[in-house]
Every structure is written in C-alpha cells, then in structure tokens.
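Secondary and tertiary structure notes
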Amino acid sequence: GRMSVLLHYVFTLQAVAFGVNCLSIYSSCPDNQTEAWNSEDIAVSLKSWLKSVVTLQKEGVLQSRIFYPHTGLYGPHNSLVNDDYDEDDDEGVVTIGKFVEDLPTGLIWQWRSRRLLEGFLYGKVDSLGRFTGNKITFIYPDFETGLKGRFVNGELEEGEAVDIIAERCNKGRKELRFMQTAPYNVTWTREETTATYIGAHPKITEPHERKSVYIGNSSFQGANEGLFARRKFLPGELVSYFNGVKTTEEKMFHENMTEEEEQHAGAYYFELGENVPESWGIPEDMMLDIPDHYRSIIEYRTTLGHKTNHKFGDNNAYLDTVKHPVFGVIACLVATEDIGVDDEIFVDYGYGVPGEGSPNWYQEQYDKSNWVHTKITVLLLPLLLLLLFLLRPPCLKKCGCRRHPC
C-alpha cells in the first residue's frame, strides 16, 4: 500500500545519505578465512560473536540491516541499536549476511526481536530473501538447542529438536552443525492454545525446557513441588517457559463460587494480556492458566515454569513474557542473579500486599516474612546506632563540638 511505498522511499533516502551499500560488519570472525569446526563452549562462542558485530562505513561482503516484518523492507542498522531495547518499539529485527539489491541472500542470521529471549532464525533464505524452506532452524537463546524444519516467512510450520554440535567462523560469520536430539520422533508445529486446548504434546517436555529445569521437592515448607535448575544461568538469561490454556477471567471464575473455589481455580493463572507490549496485539483480558486436570506433571509437562514458587525477597528470577516459535506469546522466567545447578527457582508472584481474596498461604508467608524483618530490625538497629557512634569522625576544630563548645 501507500505506507509500504513511503517507507521504501524513506529507506532509499537513508541508504543514499548513509551509504548503506558501503556499510559492512566487523566482528570476532575474520572475514578472509575459514576456521576449523569447534565443538567446545559453543554457546559462549556464538553469543560473543553476535555481541562483537560492529557496523563500519567500509565496503565488505557481509552487512547488518534492520528487517521490518510488517512491510518486508530492510533499513540501515547501527550495531548499537540492540543494546538499547525498547519494548514499545520492537518492530525491526537485526539481520546479518550478504545482501544483493537490498535483499538478503544465502546463509543468514536473524534476531527474532531486539532481545536474546526470543532467539534467532538461521539458514539459507529463498530467492525473495525470506526464511522459507525445509532446512531453516530456530535457535533457542541457550545457543545449544534448536527446532529445524519447514518455515514459511520466518514462522515455524513443522520442525524437530536439534542440538548445535559444532560451530566455526567462515569468512566473517558463524556456521553451525546440527544433530537431532530428544524428544525423538516428535514433530513440533506452531499452535496457539485455547481455553479448552493445551497443545498436541502435553506429556512431552519441549526441547529447551528439558535441558534447563526439572521438578523436585521444594525447600519451602508447605510448597510440595518446586522448580529447579538443571544447568547454570546468568542474570538476564531465559530459565523456563510457562505455557498453558489461553482464557479469560470470565471463563475461569463464576459468581456462585466460594472463596476457596476461587483460590483453587486461580492457583496457576498469569495475566498475559496485561504484561505484554501493546504492539504484540494480545487482548488485555487474556490469561494463561493451568486447569485443574493438568496441574500434575503426569498430565502436563510441556513447559514447567508454572511450578516455580513465590517467595518474599531472595528471589532469583522474575516473570516476563516471550514469543515462542511453537506456542506464540506466553510467559517465561528470567534469571535475576547467578543460578547454580540444582538451585530452586523462586519468583515474586506480584500479588502485592495481602488483602481480601488473597490465598491463605500467601497471607501466612507475608506475615512470617514481615515478622522476620521486624525481628531483624529490632535486633540490628541498636547495634547499628552503636557502630555509627563509635565510628563518628573526630572533631577537627576547637569549637563547634561537645568537647570544645564555642
């Protein structure tokens, strides 16, 4: 339409003004040699390469440009853009590779958003520069796992789980080798859950999740099950996905419910619509929920993020939202500090100060936490005041202090 024509005109002007055809990338991968395949510390190598990409005003084979999915057009890219993520301006995604007549060609890397959380697309694009074909791979943000198969215009049609088993620098960019991995003989197709449908594989854990977390007995008294780390995580890394049925409060709660029934019905829900950027187009009243029948991992274990427990203070993760290649927009857990193997994952459910309708366990935990904080304050405050008195600075002049009044 007119908007596409206008944007193309704007990008053409930008290309002339900034010399897009003379912009190329410089990175940790030498652009004039091919290195040997490496199978150690693959994730570190890939992440450091992506972070090293810098746009320079010089002629070169490889370029980095911004792709705008809504128009199908490419614009100039400053390599610092990805370091300044704005969730309300999440339309353009970075694309790295060779460009011919303003379209990518051959082997291409593309971010799926301006965050690492959404992962990447990798593979040879078609003649129109699109990620369409039978050998495209979605790369999870762990840089170890992928879904390889048939994609159409960057969207998964069907794919199988793969491990990244080797990587190398080849003339300025990273190339990858894959091997099929568990769960074997499972085809993942893009599918949005509904209020009554939780997915095709409720008893199969998705590829990233099976490497990242597991369910065990919680260290928190009375919590029963808890979520634990299978591997180490750094702050900002994706820990776990949280999918479920997509529903609304009207479908979850009814007027004739008792308070106990309401608490039980809402034990696992997440306000999805209120926690996503407006540009994602999710209805504000949309909820994620794990219905009663699926609350046991015997019946549902595709994703496990819903098993994380709440804790006042000392949390090591927080709830966020993410675009998943199979399930679309869902919730996720992101690390806030270093997490070790077998550490239990805790978040703040964000219920706020307990009030009418708050679950009983939440009120009890809040009271206990408040009591502990009060006790600590009562015990430590006198010691702190004494310490401040002993460490007070000496009087440096002959008047103006108690020993030498003016």
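Position numbers for residues count from 1 along each chain, tracking the sequence in the order it is written. It should be noted that, the model being predicted, local features are given only for residues of pLDDT at least 70 and side-chain atom pairs only at 80 or more, the latter also being counted only at that level, while totals for whole chains, interfaces and linings use all residues. Working from all heavy atoms in the structure, the side-chain values ignore hydrogens and water.

**Quick look at the overall build of the protein chain**
Scanning the protein chain from N- to C-terminus turns up six helices and 20 strands. Whether a residue is buried, partly exposed or exposed follows from its accessible area with a 1.4 Å probe, protein chains only, as a fraction of its type maximum: under 20%, in between, or over 50%, in that order. Out of the 406 residues belonging to the protein chain, those deemed buried represent 44%. By definition in these notes, contact holds between two residues if any of their heavy atoms fall within 4.5 Å. Of the contacts made within the protein chain by residues no fewer than 6 positions apart, 61% connect residues no fewer than 24 positions apart. Within the structure as shown, the protein chain displays about 22200 Å² of accessible surface, and the carbon and sulfur contribution to it stands at 52%. Only DSSP runs of H or I with at least four residues qualify as helices, and only runs of E with at least two residues qualify as strands; both kinds are numbered from the N terminus onward. Values of accessible area rely on a 1.4 Å probe in the Shrake-Rupley scheme; residue burial ignores everything except the protein chains shown.

**Digging into the pairing of strand β11 (residues 173–180)**
Alignment of strand β10 (residues 155–170) against β11, held across eight bridges, turns out to be antiparallel. If you follow Ile-164 over to β11, its bridge partner there is Phe-178. Paired strands, in this sense, are two strands between which DSSP finds at least two bridges. Remark: two residues form the turn of the hairpin made by β10 and β11, two consecutive strands paired antiparallel; Lys-171 in that turn has positive phi of roughly 55 degrees.

**Quick notes on the sheet that holds strand β19 (residues 328–335)**
The strand order across the open sheet formed by three strands is β14-β19-β18, and the pairing between neighbours is antiparallel. Pairing within the sheet leaves two strands with one partner each, and these edge strands are β14 (238–242) and β18 (317–324). Between one strand axis and the next, the sheet turns by 35 degrees as a mean value, whatever way the strands run. Where β18 lies against β19, eight bridges are found, and the strand directions are antiparallel. Paired with Tyr-318 across the two strands is Val-334, which belongs to β19. Between N-to-C directions, angles cover 0 to 180 degrees, with each direction set by a line fitted to C-alpha atoms, over the stretch in contact for helices.

**Considerations on the packing of aromatic side chains**
Each aromatic ring pair is described using two quantities: the centre-to-centre distance and the angle formed by the ring planes. Each pair of aromatic rings taken from Phe, Tyr and Trp, with Trp reduced to its six-membered ring, is defined by centres within 6.5 Å and is described as stacked if the planes are under 30 degrees apart, edge-to-face if over 60, and tilted in the remaining cases. Throughout the structure, instances matching the rule amount to 15 aromatic pairs. Taken together, a centroid distance of 6.3 Å and an interplanar angle of 75 degrees make the contact between Trp-109 and Phe-120 edge-to-face. Linking Trp-109 in strand β6 (residues 103–111) with Phe-120 in strand β7 (residues 120–124), this pair joins segments that are eleven residues apart in sequence. On the basis of relative accessible area, Trp-109 is assigned to the buried category, the value being 1%. Taken together, Trp-49, Trp-109, Trp-111, Phe-120, Tyr-122, Phe-143 and Phe-178 form an aromatic cluster joined through their ring pairs.

**Re the nonpolar core**
Each nonpolar core is a collection of buried residues, namely Ala, Val, Leu, Ile, Met, Phe, Trp, Tyr and Cys, held together in the definition by side-chain atoms within 4.5 Å. Among the nonpolar cores identified, the biggest contains 34 residues, and Leu-147, Tyr-241 and Leu-272 are the most heavily contacted of them. Contributing elements (two or more residues each) for this core: β8 (133–139), β9 (145–152), β14 and β19. Examining the composition of this core, we find that five residues originate from one element, β19, more than from any other.

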